[in-house]
Amino acid sequence: MAGRDSAVAERAIVASAPRSPESARPTRPTKSLSLPSYQILDFTPAGARTAWAVTSGNQLHNPPQAVLRTGDGGARWAHVTPPGLSHAGRRLTTNINAADFVGPERAWIAYGPYGPPEGPQTLLTTSDGGRTWTRAGRAPRNCDLQFVNPVDGWCVGIGGAAGSEFVTIYRTTTGGRTWRRASSNGTSPTPDSIPFACDKSVTFTSPTDGFAASICNGGGGYIYATSDGGSRWQRRLSLRSPVGGSDGAGFTAVVAHGSDAAAGYTVQGYQTTPTTTVAYRSTDGGRRWTAVQPPGHPRGYQVSVVTPRVWRLVAGETVLSTDDAGRTWSRITANLPPGRPARPTGSRWSGRSARLVVDEKLGIRLVSFPSLAYHFVVAAFSACPGSFGVGLI
């Protein structure tokens with residue numbers, strides 16, 4: 001959600017909530033909404049039939065920016081926008097700059113005055129699916145929220161240019177009431193921070209554990225890990241650019257649970273060298289990694305790591321599926337007419353600009369946003385039939 005601005009603040013931010021925080025206030029009465037009438041900025045599946053969406057607003061068109069939630073697979077959407085967000089006529093006065101949705105009921109929203117984020121942002125949270133919101137405190141600006149439970153969270157600011165990125169990580173252990181700078185590789189670097197080289201994703205998987213995975217224009221790449229909540233980072237995997245060169249290489253964000261972790265890795269082809277994709281997995285908390293080769297001839301895939309053991313690899317109309325970290329695979333050929341949403345058997349969530357197709361037998365869901373040319377492959381969790389994760393294709 002937050003913009004990747006190189007001007008991420010390099011000083012610690014301790015942002016306390018007011019002494020008398022605003023009490024929980026209900027959102028406006030929920031009603032059925034048509035998701036296609038909104039431009040979607042953020043889409044987060046959160047259970048078997050629950051999903052959240054953050055939609056855009058601008059100075060010229062209604063509706064304004066909003067937070068929406070569905071609990072019935074997308075048939076109906078409730079308007080759960082916090083009452084602190086407002087607009088005057090067609091002119092927005094506030095703007096959502098960061099959001100994190102943790103399950104069907106809990107979420108955080110950071111917002112400020114309309115325009116580029118300036119200064120700490122107002123942080124709201126809900127624990128009842130958006131029916132009521134309370135003020136948690138003030139969040140740093142220009143960073144993306146990540147929470148793993150009601151009190152432990154981070155705001156990760158990433159910014160840079162020319163294939164390298166600064167990373168500044170702020171941490172809260174008070175549910176957003178106070179924040180401190182945990183790590184930075186910027187002008188005032190902290191010890192053992194994430195390297196500046198390459199673009200990267202940063203994900204936290206527990207109050208202590210997190211991973212940084214690279215996307216490098218020159219090929220190669222790395223995975224770094226932290227075990228102290230993001231203060232110090234250690235290199236766990238380092239890959240060289242292949243012989244013959246490449247047009248870039250990158251990992252997906254690392255997905256981890258307990259001692260299991262996994263990420264996809266794709267090397268873009270260069271001249272006569274083809275694009276290739278493998279998966280990397282770890283069974284010891286990310287200390288050691290093993291490459292897992294998909295079946296068939298080497299080729300490039302878009303990888304959706306749903307859980308450390310459940311992966312979906314997509315190339316054209318072919319989906320490779322494994323539910324046991326690559327020990328066994330099945331091949332699914334999607335019946336997708338070129339340029340048109342799929343219509344396999346199963347329930348369907350559809351509209352002019354958004355469509356969710358559910359194939360109960362295969363466990364594959366496709367969210368299609370034709371107006372934005374976005375397509376998402378969404379695969380079921382094997383441990384929780386019917387729930388889903390999402391990956392861009």
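Residues numbered from 1 in each chain as written. Predicted model: local features only at pLDDT ≥ 70, side-chain atom pairs only at ≥ 80, totals over all residues. Heavy atoms only, no water.

## Examining the overall build of the protein chain
Moving on, step 1. When helices and strands are tallied, the protein chain shows 0 helices and 33 strands.
Moving on, step 2. Residue burial in the protein chain is summarised as follows: out of 393 residues, 53% are buried.
Moving on, step 3. Pairs at least 24 apart in sequence give 44% of the contacts found in the protein chain among residues at least 6 apart.
Moving on, step 4. Total accessible area on the protein chain stands at roughly 17,700 Å², and carbon and sulfur atoms take up 50% of it. (Helix = DSSP H or I, 4+ residues; strand = E, 2+ residues; numbered from the N terminus. Buried < 20%, exposed > 50% of the residue type's maximum accessible area, 1.4 Å probe, protein only. Contact = heavy atoms within 4.5 Å. Areas by Shrake-Rupley, 256 points an atom, 1.4 Å probe, with all protein chains shown as cover.)

## Structural notes on the side chain of Thr307
Moving on, step 1. Position of Thr307 among the secondary structure elements: in the loop between strand S25 (302–305) and strand S26 (311–315).
Moving on, step 2. Accessibility expressed as a relative area gives 16% for Thr307, which makes it buried.
Moving on, step 3. Of the polar contacts made by the side chain of Thr307, one reaches the backbone nitrogen of Val310; its length is 3.0 Å. (Polar contact = N/O pair within 3.5 Å; in protein donor to acceptor, adjacent residues only side chain to side chain.)

## Notes on the sheet that holds strand S15 (residues 180–184)
Within a sheet, each strand pairs with its neighbour through backbone hydrogen bonds, oriented either parallel or antiparallel.
Moving on, step 1. The strand order S12-S13-S14-S15 describes an open sheet built from 4 strands, whose pairing is antiparallel. Whereas interior strands pair on both sides, the edge strands pair on one side only; in this sheet they are strand S12 (144–147) and S15. The sheet shows a mean angle of 25 degrees between the axes of neighbouring strands, direction not considered.
Moving on, step 2. Across 9 bridges, the pairing between strand S13 (residues 153–161) and strand S14 (residues 164–172) is antiparallel. For Ile158, the partnering residue across the bridge sits in S14 and is Val167. (Pairing = 2+ DSSP bridges. Axes fitted to C-alpha atoms, helices over the stretch in contact; angles between N-to-C directions.)

## Some words on the environment of Thr276
Moving on, step 1. Within the secondary structure, Thr276 is located in strand S23 (residues 276–282).
Moving on, step 2. If sequence neighbours within four positions are ignored, Thr276 has contacts with Tyr265, Thr266, Val267, Pro298, Arg299 and Gly300.

## Comments concerning the pattern of salt bridges
Moving on, step 1. Scanning the entire structure with this criterion turns up 5 salt bridges.
Moving on, step 2. With a shortest N-O distance of 2.6 Å, Asp192 and Arg232 are connected by a salt bridge. One end of the pair, Asp192, is in the loop between S15 and strand S16 (199–204); the other, Arg232, is in the loop between strand S18 (221–226) and strand S19 (234–239), and 40 residues separate them in sequence.
Moving on, step 3. Residue class for Asp192 comes out partly exposed when judged on its relative accessible area of 42%.
Moving on, step 4. For the salt bridge of Asp323 with Arg312, the shortest nitrogen-to-oxygen distance reads 3.0 Å. Placement of Asp323 in the loop between strand S27 (318–322) and strand S28 (330–333) and of Arg312 in strand S26 is noted, with a sequence separation of 11 residues between them.
Moving on, step 5. Residue Asp323 is classed as partly exposed on the basis of its relative accessible area of 39%.
Moving on, step 6. One network of salt bridges, in which partners are shared, links Arg69, Glu105 and Arg131. (Salt bridge = Lys/Arg side-chain N within 4 Å of Asp/Glu carboxyl O.)

## Brief notes about the pairing of S13
Where a strand is regular, its side chains alternate between the two sheet faces.
Moving on, step 1. Summarising burial for S13: 7 of the 9 residues are buried, a large majority.
Moving on, step 2. Of the strand pairs in this sheet, S12 and S13 are connected by 4 bridges, and their pairing is antiparallel. Looking at the pairing, Phe147 lines up with Gly153 of S13.
Moving on, step 3. In textbook terms, the turn of a hairpin is the stretch between consecutive antiparallel strands, and for S12 and S13 this stretch comprises 5 residues.
Moving on, step 4. With antiparallel pairing between neighbouring strands as the criterion, S13 and S14 make up a hairpin whose turn holds 2 residues, including Ala162 at a positive phi of roughly 55 degrees.

## Quick look at the state of the cysteines
Moving on, step 1. Taken as a whole and judged by the stated rule, the model has 2 disulfides.
Moving on, step 2. A sulfur-sulfur distance of 2.1 Å marks the disulfide that ties Cys143 to Cys155. Sign of the S-S torsion, about 90 degrees for the bond between Cys143 and Cys155, identifies this disulfide as right-handed. Placement of Cys143 in the loop between strand S11 (132–139) and S12 and of Cys155 in strand S13 is noted, with a sequence separation of 12 residues between them.
Moving on, step 3. Overall, Cys143 belongs to the buried group, its relative accessible area being 2%.
Moving on, step 4. Here Cys198 connects covalently by a disulfide to Cys216, the sulfurs 2.1 Å from one another. A torsion of 105 degrees about the S-S bond marks the disulfide between Cys198 and Cys216 as right-handed. (Disulfide = S-S within 2.5 Å.)

Nothing here speaks to function; it is all geometry.
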